[in-house]
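# Overview (structure and organization)
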Amino acid sequence: MKKRAACLCFRSEREDEVLLVSSSRYPDRWIVPGGGMEPEEEPGGAAVREVYEEAGVKGKLGRLLGVFEQNQDPEHRTYVYVLTVTELLEDWEDSVSIGRKREWFKVEDAIKVLQCHKPVHAEYLEKLKAHHHHHH
């Protein structure tokens, strides 16, 4: 069972701008920061740790948006959380070690850039949008 945790990191409570990071394998592609959970780890803790390592951000962990399966494979699940960013570090682990970049995207634009290479990540934001229409 491979469990991952990821965060949609938003600039504000409005959740209209999301932080994406460059892929370590393909530096010109953008992805939602996240990674594997340690065996003893809680998904929320893993999500916070991953965005700290990959995107150099700290913030307020919000709701669990959902649990997504890669290619409908229950062995690969990703717990996706919403996080409101309160702090952006100048230098962070992945920026120093692999030159990873980060950039703010409007949610609509993020969906577009993710759909090409990471359709599963685009689904997180699609789900977010569906929920938003629901609530307003």
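Residues numbered from 1 in each chain as written. Predicted model: local features only at pLDDT ≥ 70, side-chain atom pairs only at ≥ 80, totals over all residues. Heavy atoms only, no water.

### Some thoughts on the nonpolar core
What counts is decided by this rule: Throughout, nonpolar core names a set of buried Ala, Val, Leu, Ile, Met, Phe, Trp, Tyr and Cys residues whose side chains join them through atoms within 4.5 Å. Exposure classes here rest on a 1.4 Å probe applied to the protein chains alone. A residue is buried below 20% of its type maximum, exposed above 50%, and partly exposed in between. For helices the rule is a DSSP run of H or I covering at least 4 residues; for strands it is a run of E covering at least 2, with both sets numbered from the N terminus onward. What makes two residues a contact is simply this: any of their non-hydrogen atoms within 4.5 Å.
Of all hydrophobic cores here, the largest spans 21 residues; its most connected members are Leu 8, Phe 10, Tyr 124 and Leu 125. Counting residues per element, the ones that place at least two in this core are β1 (2-10), β2 (17-22), β5 (57-70), β6 (73-88), α3 (107-117) and α4 (119-135). Looking at this core element by element, the count peaks at five residues for α4. Here Leu 125 is in contact with Leu 8, Phe 10, Val 18, Val 107, Ala 110, Ile 111 and Leu 114, once residues within four sequence places are set aside.

### With respect to the pairing of β1
For clarity, the cut-off: Only when DSSP finds a minimum of two bridges between them are two strands counted as paired.
As paired strands, β1 and β6 are joined by nine bridges and run parallel to one another. Each residue of the ladder has a partner; that of Lys 2, found in β6, is His 76. Where β1 lies against strand β4 (residues 34-36), three bridges are found, and the strand directions are antiparallel. Within β4, the position partnered with Arg 4 by the bridge is Gly 36. Across two bridges, the pairing between β1 and β2 is antiparallel. What sits directly across from Phe 10, in β2, is Val 18. In sequence, β1 turns back onto β2 through a hairpin of six residues, with Glu 15 there showing a positive phi of about 60°.

In short, shape yes, function no, at least from these values alone.
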